[in-house]
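Results of the structural survey
Listed below are the residues making up each chain.
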Amino acid sequence: MHELSLCRAIAGIARRHAGGRRVHRIGVRVGALRQVVPETLVYCWSMVSDGTDLAGSVLDVEPVPARLACRDCGHEQELAELVIRCAGCGGDRVALVAGEEFLLTTLDLAEA
Amino acid sequence: MGRFHRHADGTGHDHDGPAGHAPAGDMSGYATGVQRIEVLERIFAENDRTAAANRADFDAAGVRVVNLMSGPGAGKTTLLRRTLAALAGTRVGVIEGDIETSLDADRLAGLGAEVALINTGHGFGGECHLDAPMVRSALPRLPLADLDLVIIENVGNLVCPAEFSVGEHRRAMVYAVTEGEDKPLKYPVMYRCADLVLINKIDLLPYLDVDLAAFHANLRAVNPAAATLEISARTGAGVDAWCAWLTGTG
C-alpha cells in the first residue's frame with residue numbers, strides 16, 4: 001500500500017504547477033507494471049486532498065498496458081502477464097517499450 | 001465536470017478520440033473557465049532526486065550500498081546476522097526498515113555493525129517500504145566515511161519496495177524455498193528489479209516438494225539477467241559467495 005506516498009508526491013507536483021490556482025482535475029498516466037491500483041489511488045487521493053487546497057479535485061487515472069518489443073525480429077506485443085520473452089521468435093532480447101510510466105500528465109486549473 | 005468522475009470507481013477509460021483521451025481544451029463539462037495545462041512530470045521524480053543525492057553521498061564516502069528486499073519471513077535478518085559475523089574486517093552499516101518495532105535492529109546488536117533503524121509506521125497507516133527521503137533521514141546516524149559497505153534491510157514486502165529507488169548500487173532479494181516455485185510470476189516487478197536473487201533455506205529442501213528448476217524457469221521468464229546464489233542463513237552454506245557479491249569481490 002504505497003498509494004498514500006504516491007498521492008503526496010502527486011499533490012506536491014500539482015501545487016507547484018498550479019501556482020495558487022484552484023485545481024479541478026489531475027490527469028495521471030499509470031503503466032501496468034507500476035503496481036498501482038487505480039481504485040486505491042483515487043481513494044487515497046480523497047484522503048490526502050481532503051481539507052487542503054486540493055479538496056474536491058478529481059484524480060483521473062489513465063492506465064497504460066505493458067508492451068514488449070523484440071530487438072531481433074521486431075515483433076511487438078501487449079503483455080497480459082510479465083513474461084520477458086518474444087511471442088514472435090521466442091527470444092529474450094526484448095525491451096519493455098510501455099508499462100513502466102507513472103506521470104502527472106495534465107492539470108485542469110481555474111482560469112487566472 | 002461530471003464526466004471526469006467516472007474514473008472514481010476504477011473502471012478505467014472510455015473517453016473518445018484516437019488516444020483514448022479527451023482532447024486537451026475540451027472543457028465542456030465545466031461551468032466556469034478552466035484551463036488545461038500539460039505537465040508530463042514523473043511522479044517518482046522527487047524520490048529519484050533524493051535517491052541521486054543519497055548515491056552521491058555514498059560515492060563520495062566510498063561506500064558500496066546494497067538494498068536487501070524480500071517478503072516477510074524469508075530470512076533477511078537471520079541472513080544479516082550471519083553476514084555481519086562473516087564480514088568481520090569489513091566496516092558495515094545497516095539501515096533497518098521496519099513498520100513498528102525495533103525487534104530486527106535488536107537482533108543485529110553486538111555484531112559490530114553500525115545500525116540505523118527507520119520505523120515507517122506513522123499516522124493512519126505505516127509505509128510498507130523504504131523510500132529515498134526515509135533513507136536520507138537515516139544517513140546522519142551512520143558514519144559513512146568510516147564504512148565500506150551499507151546494507152539497507154527493506155521492509156518485508158514483495159510489492160512496494162520495488163517501486164522506490166533509495167540510491168543503492170545493487171538490489172538483492174531473498175527468496176526462501178518454503179515460498180514455492182511460482183513467486184516470480186506472482187510478484188514479477190519485485191523479481192524483475194533484483195540484480196541477485198538469494199535462494200535461502202536450502203537446508204530444508206529434503207523436506208519440501210518445491211521444484212527449484214521450475215523456480216529458475218519462472219525467474220528467467222521475468223528477469224533473464226538476474227544472478228542467483230543458493231544459501232542457508234541457518235547453516236551458513238553459500239554465505240561466503242554472498243559476502244563476496246556483497247562486497248563487490250565476487
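Residues numbered from 1 in each chain as written. Chains lettered and ligands numbered in written order. Predicted model: local features only at pLDDT ≥ 70, side-chain atom pairs only at ≥ 80, totals over all residues.

**Some remarks on the overall build of chain B**
Which entries qualify depends on this criterion: A run of H or I in DSSP becomes a helix once it reaches four residues, and a run of E becomes a strand once it reaches two; helices and strands are each numbered from the N terminus. Exposure in this text rests on C-beta crowding, where 20 or more other C-beta atoms within 10 Å of a residue's own make it buried, 12 or fewer make it exposed, and counts in between make it partly exposed. The C-beta atoms are placed from the backbone. Any pair of residues counts as being in contact when their C-beta atoms, constructed from backbone geometry, are within 7 Å of one another.
When you go through chain B residue by residue, the secondary structure sums to eight helices and eight strands. By residue count, 41% of the 250 residues in chain B fall in the buried class. Considering only contacts in chain B between residues 6 or more positions apart, those separated by 24 or more positions represent 75%.

**Some remarks on the interface of chain B and chain A**
Interfaces are often sized by the accessible area lost when the parts come together. The line we're drawing: Each residue gets one of three labels, nonpolar for Ala, Val, Leu, Ile, Met, Phe, Trp, Tyr, Cys and Pro, charged for Asp, Glu, Lys and Arg, and polar for the others, Gly among them.
On the chain A side, the residues contacting the 39 residues of chain B number 38 residues. If you list the elements that add at least two residues to the side of chain B that touches chain A, you get strand S1 (34-42), helix H1 (45-61), helix H6 (188-192) and helix H7 (212-222) of chain B. Per element, the largest residue contribution to the side of chain B that touches chain A is nine residues, and it comes from S1 of chain B. When grouped by side-chain class, the residues that make up the side of chain B that touches chain A number 19 nonpolar, 11 polar and nine charged.

**So, helix H2 (residues 38-49) of chain A**
Residue and element names in this part refer to chain A. Put simply, the rule is: The span expected for a helix works out to 1.5 Å for each residue beyond the first. When we speak of the arc, we mean the arc of directions from the helix axis to the C-beta atoms.
For H2, spanning 12 residues, the distance from its first C-alpha to its last is 16 Å, which sits close to the expected 16 Å at 1.5 Å a residue. Taken together, the buried positions of H2 are Pro38, Leu41, Val42, Cys44, Trp45, Val48 and Ser49. Projected down its long axis, H2 carries its buried residues within an arc of 165°, all on one side. On the buried face of H2, the contacting elements are helix H1 (3-18), strand S1 (23-31) and strand S2 (58-64). Remark: glycine 51 follows H2 within two positions and exhibits a positive phi of approximately 75°.

**Quick look at the confidence of the model for chain B**
Residue and element names in this part refer to chain B. Cut-off, in case you're wondering: Per-residue confidence from the predictor is reported as pLDDT, a score between 0 and 100.
When pLDDT is averaged along chain B, the result is 86; 84% of the residues meet or exceed 70. Contacts for the low-pLDDT stretch residues 1-23, under 50 throughout, to residues beyond four places or in other chains number 28 contacts. Per the prediction output, this complex has pTM 0.84; the corresponding ipTM is 0.87.

**Quick word on the pairing of strand S2 (residues 64-70) of chain B**
Residue and element names in this part refer to chain B. The following threshold applies: Here a strand pair is declared whenever DSSP counts at least two bridges between the two strands.
Burial analysis of S2 places six of its seven residues in the buried class, the great majority of the element. Summarising the sheet, S2 and strand S5 (residues 149-153) pair through five bridges and their orientation is parallel. Bridge pairing in S5 links valine 65 to valine 150. Relative to strand S6 (residues 170-176), S2 is paired through five bridges, and the arrangement is parallel.

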